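Chain by chain, the residues:
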Amino acid sequence: MKDMVMRKFQEVFGDAEGAKCYFAPGRVNLIGEHTDYNGGHVFPCALTIGTYGAARRRQDNRLRFYSVNFEKLGVIESSLEELVPSKEAGWTNYPKGVMWAFGEKGMQVPFGMDLVLYGNIPNGSGLSSSASVEILTGYILRDFFGFEVSNQDLALIGQYAENNFNKVNCGIMDQFAIAMGKKDNAIFLDTADLSFEYAPITLEGAKIVIASSNKKRGLGDSKYNERRSECETALAELQQVVEIKGLGDLDEETFEKYVSAIKSEVRRRRAKHAVYENQRTIRAVEALKANDVALFGKLMNASQVSLRDDYEVTGIELDTLVEEAWKIEGVIGSRMTGAGFGGCTVSIVKDEAIDSFIENVGKAYEAKIGYAADFYVVEVGNGPVTL
Ligand code: GLA
């Protein structure tokens, strides 16, 4: 892939003199959905698919961007003076947002760059193609200009860019999973204080299979921000009666004790999901550590039901993929992953069932939804690297 991206750089910008090649992964979340902005736990991992970038430092403040995924757009030009926060202004908003965020954090980006990107994560699929571009950009800026930032800082800067430049109120999960990725490990992260531990993903005789619904989703135009504010209101209501910092501070029992403080039925269900999902995530990681993959799978299934019924972020495409997956023998667990409303499902499937999984879920999906899903048998990979 490196050769392809470097060749493209040369083709687009005339020569590749002084250009370097980088990679940042995509991510999939195994369990712990819509908990990261509620002070709960998440359990994502970085993938071996992601974003490749060839980049060259310039002597002036110009920015020239090109994406192999959006070839029709050609070269998009800008400059470090033109970094203006705006919602939904195209893919260059992600690298621009990170350059802007470094400046906001007191690290002025001194020179522009030429950048060619190619992502082999399907765009808008819920595998965090945008966070991947953000972390890639931060990693390149650190390499070019020697900014003293850790990978964890890169995650926080990426989230800051997403929240304040792109105006999407996302949590820290995606950027953290990508910046801190570790081969064959998922990250058990407590978003309340960013403490984390790596947990080996040793799925003997099984693999992680991602099914993309091919229903496109943009966080900006989704109901993501609405869910987030419903949780904030529910939290404020609960704080009238119990001392907590986030919904993640509650276990199920304490939640049930105080739930009547939440004044709307819808908000009660939203908060219930956040609380129960957090507890499920803690339990799922314990199960994995105890080598109880079957229990891990059951908790994934319960996560799906909660996201479908209480949080209402699935939709017919994701529900169909999961419900068809559940019918297949050899599927240990299956659920939607990421923000929802489209995007992907994640399933743990026994090796011998993978072919029939892809065939049967694929057929049933196409018959019901009218277009095909795509399937990826994925591996858990490292964070960003220079190639
Ligand atoms: C998106 C956001 C994350 C997280 C998930 C839902 O991926 O970027 O911060 O909230 O949705 O778990």
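Source: prediction; values computed, not measured.

Conventions we followed
- Residues numbered from 1 in each chain as written.
- Predicted model: local features only at pLDDT ≥ 70, side-chain atom pairs only at ≥ 80, totals over all residues.
- Heavy atoms only, no water.
- Helix = DSSP H or I, 4+ residues; strand = E, 2+ residues; numbered from the N terminus.
- Rg over C-alpha atoms; globule rule 2.2 N^0.38 Å.
- Buried < 20%, exposed > 50% of the residue type's maximum accessible area, 1.4 Å probe, protein only.
- Contact = heavy atoms within 4.5 Å.
- Areas by Shrake-Rupley, 256 points an atom, 1.4 Å probe, with all protein chains shown as cover.
- Lys, Arg positive; Asp, Glu negative; His and termini not counted.
- Charge placed at Lys NZ, Arg CZ, Asp CG, Glu CD.
- Near = heavy atom within 4 Å.
- Polar contact = N/O pair within 3.5 Å; in protein donor to acceptor, adjacent residues only side chain to side chain.
- Nonpolar A, V, L, I, M, F, W, Y, C, P; charged D, E, K, R; others polar.
- Salt bridge = Lys/Arg side-chain N within 4 Å of Asp/Glu carboxyl O.
- Pairing = 2+ DSSP bridges.
- Axes fitted to C-alpha atoms, helices over the stretch in contact; angles between N-to-C directions.
- Disulfide = S-S within 2.5 Å.
- Core = buried A, V, L, I, M, F, W, Y, C linked by side-chain atoms within 4.5 Å.
- Phe/Tyr/Trp six-rings, centres within 6.5 Å; stacked < 30°, edge-to-face > 60°.
- Lys NZ or Arg CZ within 6 Å of the ring centre and 35° of its normal.

(A) Geometry of the overall build of the protein. Secondary structure summary: the protein contains 11 helices and 13 strands in total. Radius of gyration (C-alpha) of the protein: 21 Å, near the 21 Å computed for a compact globule of 387 residues. With the principal axes as the frame, the protein shows a C-alpha extent of 60 × 50 × 40 Å. Looking at the protein as a whole, 60% of its 387 residues qualify as buried. Long-range pairs, those at least 24 residues apart, make up 72% of the contacts in the protein between residues at least 6 apart in sequence. Carbon together with sulfur atoms contributes 47% to the accessible area of the protein, which is approximately 15,500 Å² in total. Charge centroids of the protein, computed over 43 positive and 55 negative side chains, lie 2 Å from each other.

(B) Structural detail: the site of the ligand. Within the structure, the ligand sits among 13 residues, and Glu-33, His-34, Asp-36, Asp-174 and Tyr-224 are positioned closest to it. In the environment of the ligand, an oxygen atom lies 2.5 Å from a nitrogen or oxygen atom belonging to the side chain of Asp-36. Backbone polar atom of Ala-339 to an oxygen atom of the ligand: 3.5 Å apart, as the coordinates give it. Taken together, the residues that form the shell around the ligand break down as six nonpolar, three polar and four charged.

(C) Quick peek at the pattern of salt bridges. Inspection of every chain in the model, using the stated rule, returns 30 salt bridges. Among the ionic pairs, Glu-323 bridges to Arg-308, the shortest N-O distance being 3.0 Å. Here Arg-308 lies in helix α9 (residues 293-309) and Glu-323 lies in helix α10 (residues 316-326), a separation of 15 residues in the sequence. Looking at Glu-323, the relative accessible area reads 31%, which means it is partly exposed.

(D) Just the sheet that holds strand β10 (residues 331-337), in detail. Pairing in this open sheet of four strands is antiparallel, and the strands run β10-β11-β9-β12 from one edge to the other. At either end of the open sheet lies a strand with only one pairing partner, and these are β10 and β12 (374-378). When the angles between neighbouring strand axes are averaged without regard to direction, this sheet yields 20°. Against the sheet, α9 touches β10 and β11 (344-350), its axis set at about 35° to β10. Here helix α11 (residues 354-369) sits on the sheet and contacts β9 (206-212), β10, β11 and β12; the angle it forms with β12, its principal contact strand, is near 160°.

(E) Up close: the state of the cysteines. Taken as a whole and judged by the stated rule, the model has zero disulfides. As a non-bridged cysteine, Cys-45 has Cys-344 as the owner of its nearest cysteine sulfur, 13 Å distant. We classify Cys-45 as buried; its relative accessible area is 0%. Unpaired in terms of disulfides, Cys-170 finds its nearest cysteine sulfur in Cys-231, a separation of 15 Å.

(F) Focus on the environment of Arg-56. For Arg-56, the position within the fold is in strand β3 (residues 44-57). The sequence separation of Arg-56 and Val-209 amounts to 153 residues, and the corresponding C-alpha distance is 36 Å. Filtering out sequence-adjacent residues up to four positions away, Arg-56 remains in contact with Phe-9, Phe-13, Asp-15, Ala-16, Glu-17, Gly-18, Ala-19, Arg-64, Gly-112, Met-113, Asp-114 and Phe-144. Side chain to side chain, Arg-56 and Asp-15 meet in a polar contact 3.0 Å long.

(G) The sheet that holds strand β13 (residues 385-386), seen in detail. Spatially, the six strands line up as an open sheet ordered β5-β4-β6-β3-β1-β13, and their pairing is mixed. The outermost strands of the open sheet, each flanked by one partner alone, are β5 (76-79) and β13. Helix-sheet contacts for helix α1 (residues 2-13) involve β1 (20-29), β3, β4 (62-67) and β6 (113-119), and the interaxial angle to β6 is about 135°.

(H) Structural context of the nonpolar core. Grouped together as the largest cluster of nonpolar side chains are 44 residues, with contacts concentrated most on Met-99, Phe-102, Met-113 and Leu-141. When residues of this core are traced back to their parent elements, those giving at least two are β1, β4, α2 (93-104), β6, α3 (129-145), α4 (151-164), α5 (173-179) and β7 (185-190). Top element by residues in this core is α3. It accounts for nine residues. Sequence-distant contacts of Met-99, defined by excluding residues within four places in its chain, comprise Leu-63, Phe-65, Leu-80, Leu-83, Val-109, Met-113, Thr-137 and Leu-141.

(I) Just the pairing of β4, in detail. Of all the six residues making up β4, five are buried; the element is thus mostly covered by neighbouring parts of the structure. Strand direction decides the pairing type here: β4 and β6, joined by five bridges, are parallel. The partner of Phe-65 across the bridge, within β6, is Leu-115.

(J) Quick look at the packing of aromatic side chains. The tally for this structure, following the rule as stated, stands at 18 aromatic pairs. Ring geometry for Phe-9 and Phe-13: centres 5.0 Å apart, planes at 65°, overall edge-to-face. With Phe-9 and Phe-13 both in helix α1 and four residues apart, the pair spans about one turn of that helix. In this structure, Phe-9 and Phe-13 share a single accessibility class: buried. Across from the ring centre of Tyr-160, 4.0 Å away, lies the NZ or CZ of Lys-105, which sits over that ring. Stacked on the ring of Tyr-276, the Lys or Arg Lys-272 has its end atom at 5.1 Å from the ring centre.

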